[in-house]
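Structural description and commentary
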Protein chains: 2
Amino acid sequence: MNVTEATKYLENKGIKTTYQRAVIFSYLNNKKNHPTADMMLNDLGKKVPTLSRATIYNTMEFFREKGVVQVLNMDDGLRHYDADLSTHLHFHCNKCDTIYDMYTQLDTDKIDELKDFEVHNQFININGICKNCKKKEK
Amino acid sequence: MNVTEATKYLENKGIKTTYQRAVIFSYLNNKKNHPTADMMLNDLGKKVPTLSRATIYNTMEFFREKGVVQVLNMDDGLRHYDADLSTHLHFHCNKCDTIYDMYTQLDTDKIDELKDFEVHNQFININGICKNCKKKEK
DNA sequence: TTAAATGCAAATAATTTGCAGCATA
DNA sequence: TATGCTGCAAATTATTTGCATTTAA
């Protein structure tokens, strides 16, 4: 999804778009790397030199309110952002720090302890060693 | 578990103990409130007025290394600490901010996508509205 | 033209670090 | 006594905010 496509996508959702917003959304959607604000500034700063930290934070909060990105609190204590809103879990490799998306979720309807609770979201982080790093170990 | 019992518990695990460490561990173990460093300082400061933030952070890192507490990255972006090491999930009520422990977990052995991955830990956060707050709504 | 978004810089908040003094083995 | 812990203060890092300027409808 390039910048033009990102603009259309956002506008179709009734979300007011600017160049910065489209660039940021396009980046998030393409890279799927669950970046922090700092990572985004580093990468996008090459393309848009005046892009500021404040705009990234503002835009992420704006996108979150609009429901087009989710915020992940990962075990580095930092906020990571994700344009994939399907319910999925994240596997963090302790060796290479890659974050893998996996499309498994808890069936909260079937959990007794959640009876009479209203569930809005679930966030699942798993960590360990990924397939690639295990291969290299040998 | 009072301070004396906490001391014994930690020493049985070969962990060097001080008064501060025992007070902190006892607090965590009793209150089961998943506090942040700041919450601990507020509560424990009444009992141990000289207790410092640095000691709390140092102690939590020390306990984590020793494997007697786990760190939870909750959706407020803060680190919360938990002396309950059994694999369990956390439900955060968006109304009253209570964190509930629930003893359900993912059976990671049964997840295809995790084949050839080595799993160390899983962290599950669910949020929504708790039973009590739903009752009050009516 | 006007309301809202951006970008800079300063402010705040959480966490970490350096180091002097203190406590414990 | 020696090693390592504590507590203070300063430093660092992430995030937020205030405000002047720019942008887009």
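In the block above lies the structure referred to throughout.
Figured I'd write up the structure that's included with this text. (Residues numbered from 1 in each chain as written. Chains lettered and ligands numbered in written order. Predicted model: local features only at pLDDT ≥ 70, side-chain atom pairs only at ≥ 80, totals over all residues. Heavy atoms only, no water.)

A word on the relation of the copies chain B and chain A. For the match of chain B to chain A, the screw axis carries a shift of 0.0 Å, the RMSD comes to 0.0 Å, and the turn is 180 degrees. The operation mapping one copy onto its partner corresponds to a two-fold rotation axis. Taking C-alpha positions as reference, the residue of chain B nearest the rotation axis is Ile124 of chain B, located at 2.2 Å. When you check the interface residues of chain B against chain A, 100% turn up at the interface there too, and the contact is symmetric in its surfaces. (Least-squares fit on C-alpha atoms with pLDDT ≥ 70 in both. Contact = heavy atoms within 4.5 Å.)

A few words on the protein's contact with DNA strand D. Lining the immediate environment of DNA strand D, one finds 15 residues, of which Tyr57 of chain A together with Thr18, Gln20, Thr50 and Thr55 of chain B sit closest. Across the atoms of DNA strand D situated within 4 Å of the protein, the share located in sugar and phosphate is 81%. Note that a phosphate oxygen of DNA strand D is positioned 3.0 Å from one of the side-chain N or O atoms of Thr55 of chain B. Breaking the surface near DNA strand D down by element, the ones donating at least two residues are helix 4 (53-66) of chain A together with helix 2 (19-31) and helix 4 (53-66) of chain B. With 4 residues, the single largest contributor to the surface near DNA strand D is helix 4 of chain A. Grouping the constituent residues of the surface near DNA strand D by class yields 5 nonpolar, 6 polar and 4 charged. (Near = heavy atom within 4 Å. Polar contact = N/O pair within 3.5 Å; in protein donor to acceptor, adjacent residues only side chain to side chain. Helix = DSSP H or I, 4+ residues; strand = E, 2+ residues; numbered from the N terminus. Nonpolar A, V, L, I, M, F, W, Y, C, P; charged D, E, K, R; others polar.)

Residue and element names in this part refer to chain B. Remark: helix 1 (residues 3-12) packs on helix 2, axes separated minimally by 8 Å, with the N-to-C direction vectors making an angle of 105 degrees. Taken together, the axes of helix 1 and helix 2 are roughly perpendicular relative to one another. Between helix 1 and helix 2, the residues in contact are Val3, Ala6, Thr7, Tyr9 and Leu10 and Tyr19, Arg21, Ala22, Val23, Phe25 and Ser26, respectively. Residues belonging to the contact of helix 1 with helix 2 are distributed by class as follows: 8 nonpolar, 2 polar and 1 charged. (Axes fitted to C-alpha atoms, helices over the stretch in contact; angles between N-to-C directions. Parallel < 35°, antiparallel > 145°, perpendicular 65-115°, else oblique.)

A separate point is the state of the cysteines. All names here are of chain A. Using the criterion set out here, one finds 0 disulfides over all chains in the structure. With no disulfide partner, Cys93 has as its closest neighbouring cysteine sulfur the one in Cys96, 3.6 Å distant. Left unpaired, Cys130 is separated from the closest cysteine sulfur, that of Cys93, by 3.8 Å. (Disulfide = S-S within 2.5 Å.)

Next up on the list: the protein's contact with DNA strand C. Taken together, 16 residues sit near DNA strand C, with Thr18, Gln20, Thr50 and Thr55 of chain A together with Tyr57 of chain B positioned nearest. Of all atoms in DNA strand C that approach within 4 Å of the protein, 83% are sugar or phosphate atoms. At 2.6 Å, a side-chain N or O of Thr18 of chain A approaches a phosphate oxygen of DNA strand C. At 2.5 Å, a side-chain N or O of Tyr57 of chain B approaches a phosphate oxygen of DNA strand C. Elements supplying a minimum of two residues to the surface near DNA strand C: helix 2 (19-31) and helix 4 of chain A together with helix 4 of chain B. The element that contributes the greatest number of residues to the surface near DNA strand C is helix 4 of chain B, accounting for 4 residues. Residues of the surface near DNA strand C, tallied by class, amount to 5 nonpolar, 7 polar and 4 charged.

On the basis of which strands lie adjacent, the open sheet formed by 6 strands has the order 4(A)-3(A)-5(A)-5(B)-3(B)-4(B) and mixed pairing. In this open sheet, the two strands that pair with only one neighbour each are strand 4 (99-102) of chain A together with strand 4 (99-102) of chain B. Going from strand to strand, the sheet's axes swing by 25 degrees on average, the running direction of each strand aside. Relative to strand 5 (residues 118-129) of chain B, strand 3 (residues 89-93) of chain B is paired through 4 bridges, and the arrangement is parallel. Bridging across to strand 5 of chain B, Phe91 of chain B finds its partner in Ile126 of chain B. (Pairing = 2+ DSSP bridges.)

Let us now look at the interface of chain B and chain A. Contacts between the two partners involve 37 residues from chain B and, on the opposite side, 37 residues from chain A. If you sort the residues of chain B by the area they bury against chain A, Glu113, Phe117 and Glu118 of chain B come out on top, with a joint share of 18%. Glu118 of chain A is paired through a salt bridge with Lys134 of chain B; the nearest N and O atoms lie 2.6 Å apart. Counting across the interface, chain B meets chain A through 16 residue pairs in polar contact (both at pLDDT 80 or more). For the side of chain B that touches chain A, the secondary-structure elements that each account for two or more residues are strand 3, strand 4, strand 5 and helix 5 (131-137) of chain B. Across the side of chain B that touches chain A, the residue classes tally to 16 nonpolar, 11 polar and 10 charged. Note: strand 5 (residues 118-129) of chain A against strand 5 of chain B, 11 bridges, orientation antiparallel. (Buried area = accessible area lost by both parts, 1.4 Å probe. Salt bridge = Lys/Arg side-chain N within 4 Å of Asp/Glu carboxyl O.)

The values are spatial; any link to function lies outside them.
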